[in-house]
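# Secondary and tertiary structure notes
Each chain, letter by letter, is given below.
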Amino acid sequence: MAVKVFARNYGTADLTAVLHPYLQVVNYAPFTLLPSAVPRALFEQAYAVQQDFNLLVDAVSQNKEFLEQTLASTIKVDDFTARLFRIYKQVLEEGLAQTVVLGINRSDYMFDCGLEGTAALRQIEINTIAASFGGLTSRTADVHRLVLNVLGKSEEASQLLPNNPAKGLALGIAKAWELYGSQRAVVMFLVEEVQRNIFDQRCIEIELWNRNIRVVRKRFRDVFEQGSLDASRRLYMDGQEVAVVYYREGYVPQVYDEQNWEARLLLERSRAVKCPDIATQLAGTKKVQQELSRQGTLEKLLPGHPETIARIRATFAGLYSLDEGEEGDRIAATAIADPDRFVLKPQREGGGNNLYGEELREVLERIKDSPERTSYILMDKIKPQPALNYLLRAHSPLQVSECISELGIFGVYVRQGRELVLNQAAGHLLRTKAIEPADGGGAAGVAVLDTPYLV
Ligand code: GSH
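Residues numbered from 1 in each chain as written. Predicted model: local features only at pLDDT ≥ 70, side-chain atom pairs only at ≥ 80, totals over all residues. Heavy atoms only, no water.

An unreviewed UniProt entry annotates the protein chain as Glutathione synthetase originating from Geospiza fortis. Regarding the protein chain, the UniProt comment filed under Pathway (unreviewed entry) reads as follows: "Sulfur metabolism; glutathione biosynthesis; glutathione from L-cysteine and L-glutamate: step 2/2." Listed in UniProt under the heading Sequence similarities (unreviewed entry), the comment for the protein chain reads: "Belongs to the eukaryotic GSH synthase family." (UniProt positions renumbered as here; feature names shortened; annotations may be inferred.)

### Brief notes about the environment of F85
In this fold, F85 is placed in helix α6 (residues 79-94). Judged by relative accessible area, which is 6%, F85 ranks as buried. The residues touching F85, leaving out its near neighbours within four places in the chain, are L67, E68, L71, I75 and L282. (Helix = DSSP H or I, 4+ residues; strand = E, 2+ residues; numbered from the N terminus. Buried < 20%, exposed > 50% of the residue type's maximum accessible area, 1.4 Å probe, protein only. Contact = heavy atoms within 4.5 Å.)

### Side note on the side chain of S375
Residue placement: S375 occurs in the loop between α18 (357-367) and β13 (376-380). Judged by its relative accessible area of 9%, S375 is buried. At 2.7 Å, the side chain of S375 forms a polar contact with the backbone oxygen of E372. (Polar contact = N/O pair within 3.5 Å; in protein donor to acceptor, adjacent residues only side chain to side chain.)

### Regarding helix α5 (residues 64-77)
With 14 residues, α5 should cover 20 Å at 1.5 Å per step; its first-to-last C-alpha distance of 20 Å lies within 8% of that length. The principal kink in α5, of about 50°, is found at L71. Looking at α5, one finds that the buried residues are F66, L67, T70, L71, S73 and T74. Buried-residue contacts for α5 involve α4 (50-61), α6, α13 (278-283), α14 (286-292) and α15 (297-301). (Expected span 1.5 Å × (residues − 1). Bend = angle between axes of the 7 residues up to and from the residue.)

### Some words on the packing of aromatic side chains
In total, this model carries 10 aromatic pairs according to the counting rule given. Note on F80 and W261: the rings are 6.0 Å apart at their centroids and 50° apart in plane angle, and the pair reads as tilted. Remark: W261 occurs in helix α12 (residues 258-269) and F80 occurs in helix α6; sequence separation between them is 181 residues. Given a relative accessible area of 6%, F80 falls into the buried group. (Phe/Tyr/Trp six-rings, centres within 6.5 Å; stacked < 30°, edge-to-face > 60°.)

### Observations regarding the site of the ligand
Surrounding the ligand, one finds 18 residues, the nearest of these being R106, R248, R431, G442 and A443. Here S132 contributes a backbone N or O atom positioned 2.9 Å from an oxygen atom of the ligand. Coverage of the ligand by the protein chains reaches 96% of its 500 Å² of free accessible surface. For the shell around the ligand, the residue count by class is six nonpolar, seven polar and five charged. (Near = heavy atom within 4 Å. Areas by Shrake-Rupley, 256 points an atom, 1.4 Å probe, with all protein chains shown as cover. Nonpolar A, V, L, I, M, F, W, Y, C, P; charged D, E, K, R; others polar.)

### Observations regarding the sheet that holds strand β11 (residues 319-321)
If you trace the three strands from one edge of the open sheet to the other, you get β11-β13-β12, paired in antiparallel fashion. Sheet topology places β11 and β12 (342-346) at the edges, where each strand pairs with a single neighbour. Going from strand to strand, the sheet's axes swing by 30° on average, the running direction of each strand aside. Here β11 runs beside β13; their pairing, made up of three bridges, is antiparallel. Counterpart to S321 in the pairing with β13 is I377. Contacting β11, β12 and β13, helix α17 (residues 326-337) runs over the sheet at an angle of about 125° to β11. Packing against the sheet, α18 makes contact with β12 and β13, and its axis sits at approximately 60° to β12. (Pairing = 2+ DSSP bridges. Axes fitted to C-alpha atoms, helices over the stretch in contact; angles between N-to-C directions.)

### Points about a nonpolar patch on the surface
Side chains of L388, Y390, L398 and V400 sit close together on the surface and give an oily, nonpolar patch of about 400 Å² of accessible area. Mapping L388 onto the fold places it in strand β14 (residues 387-392). (Patch = residues over 30% accessible without salt bridge, like charges linked within 9 Å, V, L, I, M, F, W, Y side chains within 5 Å. Salt bridge = Lys/Arg side-chain N within 4 Å of Asp/Glu carboxyl O.)

### A look at the UniProt feature "binding site: Mg(2+)" (unreviewed entry) in the protein chain
As annotated by UniProt and renumbered to match this structure, "binding site: Mg(2+)" (unreviewed entry) occupies E125, N127 and E349. Across 225 residues of sequence, these annotated residues stay compact in space, with a maximum C-alpha separation of 10.0 Å. Following the sequence through the fold, N127 ends up in strand β4 (residues 119-127). Apart from the residues lying within four places of it in its own chain, the contact partners of N127 are I104, N105, R106, D108 and E349. Positionally, E349 belongs in the loop between β12 and α18.

### As for the nonpolar core
Ranked by size, the top nonpolar core spans 64 residues in total, and within it L56, V60, M188, V245, L267 and L292 carry the most contacts. Considering each element in turn, this core owes the most residues, six residues, to α6. Filtering out sequence-adjacent residues up to four positions away, L267 remains in contact with M188, L190, F220, V223, L235, V245, Y247 and K274. Counting residues in hydrophobic clusters, the runner-up holds 35 residues, among them I104, A131, A166 and L422. (Core = buried A, V, L, I, M, F, W, Y, C linked by side-chain atoms within 4.5 Å.)

### Examining the confidence of the model for the protein chain
Residues of the protein chain with pLDDT of at least 70 account for 94%, and the chain-wide mean is 93. Counting interchain partners and residues more than four positions distant, the pLDDT-below-50 stretch residues 1-10 has five contacts. (pLDDT = per-residue confidence, 0-100.)

### Re the environment of D52
Summarising the element assignment, D52 is placed in helix α4. With 255 residues separating them along the chain, D52 and E307 place their C-alpha atoms 9.4 Å apart.

### A look at unusual backbone geometry
Here the amide bond leading from C275 into P276 is cis, since omega sits at 0°, within 30 degrees of zero. Within the secondary structure layout, P276 lies in the loop between β10 (273-275) and α13. Unlike most non-glycine residues, D238 shows phi in positive territory, near 50°. Looking at the secondary structure, you find D238 in the loop between β8 (235-237) and β9 (240-247). The phi angle at H395 is positive, at roughly 65°, despite the residue not being glycine. Under the relative-accessibility criterion, H395 is labelled exposed at 77%.

Laid out in structure tokens, this is it:
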């Protein structure tokens, strides 16, 4: 009825725009029909190194000198990183009001197939902001267990591991909330204008409500309109105190107009526990990832932890700086000559930004003599062994595809002052995609949810 009235008053072209705030389209999250084989030893290796990566991210986020030096070349050419960096400097100069730190990250890996056919765990990246799909994937093993049972594969079904990142991530948020120390204060999920992954977030939200922790969902725009700080920089939204800000937004430049930058600054200046704080977001940049792989860097960041360093380093792929100078010139020329060996990565999150093959060659050719080159890094391309599976996606025809998988391990840690009070792996995420589109995860509409079947 309401739609007919709207249709009479507005042309059909306008209709979608007018109805947009009221329209909700719900699709099931895409998933594989069958679980995918994952080498047990590599799966265990990925879990075993997660606490180390938590330590490393935390160490980087506290090392002003390292962040400053590492990002110096990037912020000259990349406005988004530069703007984040400006806020970082500004809050440091003012003095941090936040005393509790909460990190939720996801370290992503592929299984690189060597010449002798043995696979090695290779880190693709570590996501330190809005690391998603921990909620939905807490349900994925049940789906695949059912499918296997229906197919009469009950023995295989019983092998699927339990997995509940939603609970693990909520545990970290709850701990940070508790240490903040105000029963009345809420946890604020900072979410997108248009919600594309709300059910994933809801899984974590429900875990918090079950612990009697109140959750509100707000956008940057709401923070600009309703947010304020008191004299001790406690954050209030319309009079309600906020203990924890959990960012599920804020990692791409497009969301920031001047008002939203102002909102971000307000949040960063506040006493509320930001997950992540701006230093930890910067610790997740590609430039930092590349610098971590440089000889001697881990030793400087984690002195006295040789075993931690060895476990971390064992997962690194080859990473190369494209900064101006001889080292950058040399690797740029190698990549132009042999683009299939590499991936070209800009300083962007959210998936779907990397360049491969001919496109990589074209872009590098164009920027090889310009400072713009510095805003990218190069990484060795990982070559996993493809396997057949069905990718089930709403409105897409069913067909068997050659697929490759990416394993993510969620990490959560909480620090109060100098004391690390929680440091855990919080579950896993397996995403699988057809070999054709080269880049992108679930949020970019490329990969689908999967469950590891350990072999
Ligand atoms: N805003 C959405 C959410 O909160 O779920 C998407 C966030 C997003 O794209 N997160 C990236 C990610 O984890 C990291 S910055 N992507 C995994 C994937 O898309 O498969």
